[in-house]
Amino acid sequence: MQIFTYQPPTIPWLDLRYVDRDIIIINKPSGLLSNPGIADYTHDCALTRIQQRFKDAILVHRLDCSTSGVMVFARNKKAESNLKTQFQDRKTQKAYITEVSGHLSDAQGVIELPIAADKANPPKQQVSSTGKVAITHFETLEVRANSTLLALKPVTGRTHQLRVHMLAIGNPILGDDFYAEQHIVDSAPRLKLHAQSLSFTHPYSGKPMHFSSYCSF
């Protein structure tokens, strides 16, 4: 089983980007859990930090602990239900930026590889013919000496989808201590994966909402 060492960053404590009566938008730092785990030491997370200021905050979706970027939280049950339905029905648009090892044979394309839990190595996931449909669009932003900067747009939201898909095509994400070999882990101080933008429909007004957070890799 993967050993999890948790040392959440404290600066910034909470990077708020937008607040209204229905939703809260934050820029989550790498190393901070989205929501608490079972162990007491995992209580400090994005959700509990937000709830210190907004007691009505409700978790809608998650980013991996090591992934940074834009997250939306609800402030009432109606907003929670509406937003979760948008995620489930794939009506949200998510864009990530990442730096991966090596160079891709195609500048852009689509990865369609089903993903299932790796029961022998929880909580890892793996490409499996018996897994759930997983689709990721990719586009090259910059080719570097030994790596490539990519834009990733997942259609589905499987656990560890982007990590598993990039590993499967031979280009693991730099700093990925879950899936990559040690020299790839050592090549970066953190997981080089950032949720750069999130678009959805406001649960009350019905207006299109778009939030972005720049990250330089």
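Residues numbered from 1 in each chain as written. Predicted model: local features only at pLDDT ≥ 70, side-chain atom pairs only at ≥ 80, totals over all residues. Heavy atoms only, no water.

*Asks:* How do you make sense of the overall build of the protein chain when you look at a structure like this?
*Replies:* Helix and strand counts for the protein chain stand at four helices and twelve strands. Taking 2.2 N^0.38 as the reference for a compact globule, 217 residues should give roughly 17 Å; the C-alpha atoms of the protein chain span a radius of gyration of 17 Å, in line with that estimate. Relative to its full complement of 217 residues, the protein chain shows a buried share of 51%. Within the protein chain, residue pairs in contact and separated by at least 24 positions form 61% of the contacts whose partners lie at least 6 positions apart. Roughly 11,400 Å² of accessible area belongs to the protein chain as shown, and the carbon and sulfur atoms make up 50% of that amount. For the protein chain, the distance from the average position of its 24 positive side-chain charges to the average position of its 19 negative side-chain charges is 8 Å. (Helix = DSSP H or I, 4+ residues; strand = E, 2+ residues; numbered from the N terminus. Rg over C-alpha atoms; globule rule 2.2 N^0.38 Å. Buried < 20%, exposed > 50% of the residue type's maximum accessible area, 1.4 Å probe, protein only. Contact = heavy atoms within 4.5 Å. Areas by Shrake-Rupley, 256 points an atom, 1.4 Å probe, with all protein chains shown as cover. Lys, Arg positive; Asp, Glu negative; His and termini not counted. Charge placed at Lys NZ, Arg CZ, Asp CG, Glu CD.)

*Asks:* When you look at the packing of aromatic side chains in this model, what are you seeing that I'm missing?
*Replies:* For any pair of aromatic rings, the description consists of the separation of the ring centres together with the inter-plane angle of the planes. With the rule as written, the count across this model stands at three aromatic pairs. Taking 6.1 Å as the distance between ring centres and 55 degrees as the angle between the ring planes, the aromatic pair formed by Phe178 and Tyr179 counts as tilted. No difference in accessibility class separates Phe178 from Tyr179, as the two residues are buried. Centre to centre, the rings of Phe200 and Phe211 are 6.0 Å apart; their planes meet at 25 degrees, and the pair counts as stacked. Of the two residues, Phe200 sits in strand E11 (residues 193–201) while Phe211 sits in strand E12 (residues 208–212), which places them eleven residues apart along the sequence. In this structure, Phe200 and Phe211 share a single accessibility class: buried. Pairwise contacts between aromatic rings join Tyr18, Phe200 and Phe211 into one cluster. Here the basic side chain of Arg49 rests over the ring of Trp13, its NZ or CZ set 3.8 Å away from the ring centre. Its end group placed over the ring of Phe178, Arg163 keeps NZ or CZ at 5.3 Å from the ring centre. (Phe/Tyr/Trp six-rings, centres within 6.5 Å; stacked < 30°, edge-to-face > 60°. Lys NZ or Arg CZ within 6 Å of the ring centre and 35° of its normal.)

*Asks:* Sorry if this is basic, but what is going on with the environment of Ala107 here?
*Replies:* Take Ala107: it is sitting in the loop between strand E5 (93–101) and strand E6 (108–112). When the C-alpha atoms of Ala107 and Ala120 are compared, they prove to be 34 Å apart, with 13 residues separating the residues in sequence.

*Asks:* I would appreciate a short explanation of helix H2 (residues 77–88) in the present structure.
*Replies:* Since the α-helix packs 3.6 residues into each turn, any two residues three or four apart lie on the same face. With twelve residues, H2 extends 16 Å from end C-alpha to end C-alpha; this agrees with the ideal 16 Å at 1.5 Å per step. The set of residues buried in H2 consists of Ala79, Glu80, Leu83, Gln86 and Phe87. Angularly, the buried residues of H2 cover 130 degrees about the axis, an arc narrow enough to put them on a single face. Exposed residues pointing more than 90 degrees away from the buried face of H2 are listed as Lys77, Lys78 and Gln88. Lining the buried residues of H2 we find strand E2 (23–28), strand E3 (58–59), strand E4 (68–74), E5 and E11. Two or three places before Lys78, at the opening of H2, Asn76 has a side-chain oxygen 3.3 Å from that residue's backbone nitrogen. Among the residues trailing H2, Arg90 stands out with phi positive, at a value near 60 degrees. (Expected span 1.5 Å × (residues − 1). Arc of directions from axis to C-beta. Polar contact = N/O pair within 3.5 Å; in protein donor to acceptor, adjacent residues only side chain to side chain.)

*Asks:* Even after reading the chapter, I still don't get unusual backbone geometry, so can you show me in this structure?
*Replies:* Backbone geometry follows two general trends: most residues other than glycine have a negative phi, and most peptide bonds adopt the trans configuration. In the segment running from Ile11 into Pro12, the intervening peptide bond is cis, with an omega of -5 degrees. Its place among the elements puts Pro12 in the segment before strand E1 (16–19). The omega torsion of the bond from Pro122 to Pro123 falls at 5 degrees, within 30 degrees of zero and hence cis. We note that Arg90 has phi near 60 degrees; this positive angle belongs to a residue other than glycine. As for its position among the elements, Arg90 is in the loop between H2 and E5. The class of Arg90 is partly exposed, set by a relative accessible area of 43%.

*Asks:* Which parts of the structure should I look at to understand the environment of Leu33?
*Replies:* If you trace the backbone, Leu33 turns up in the loop between E2 and helix H1 (46–53). Considered as a pair, Leu33 and Leu63 are 30 residues apart in the sequence and their alpha carbons are 7.7 Å apart.

*Asks:* Hey, could you run me through the pattern of salt bridges in this one?
*Replies:* It is possible for side chains of opposite charge to pair when their charged atoms get near one another. Tallying each qualifying case throughout the model produces eleven salt bridges. Here Arg163 and Asp176 are joined by a salt bridge, their closest N and O atoms 3.0 Å apart. Linking Arg163 in helix H3 (residues 161–168) with Asp176 in the loop between H3 and helix H4 (182–185), this pair joins segments that are 13 residues apart in sequence. Like Arg163, the residue Asp176 is buried in the burial classification. Among the charged side chains, a salt-bridge network with shared partners connects Glu99, Glu142, Arg144 and Lys192. (Salt bridge = Lys/Arg side-chain N within 4 Å of Asp/Glu carboxyl O.)

Structural measurements only, silent on function.
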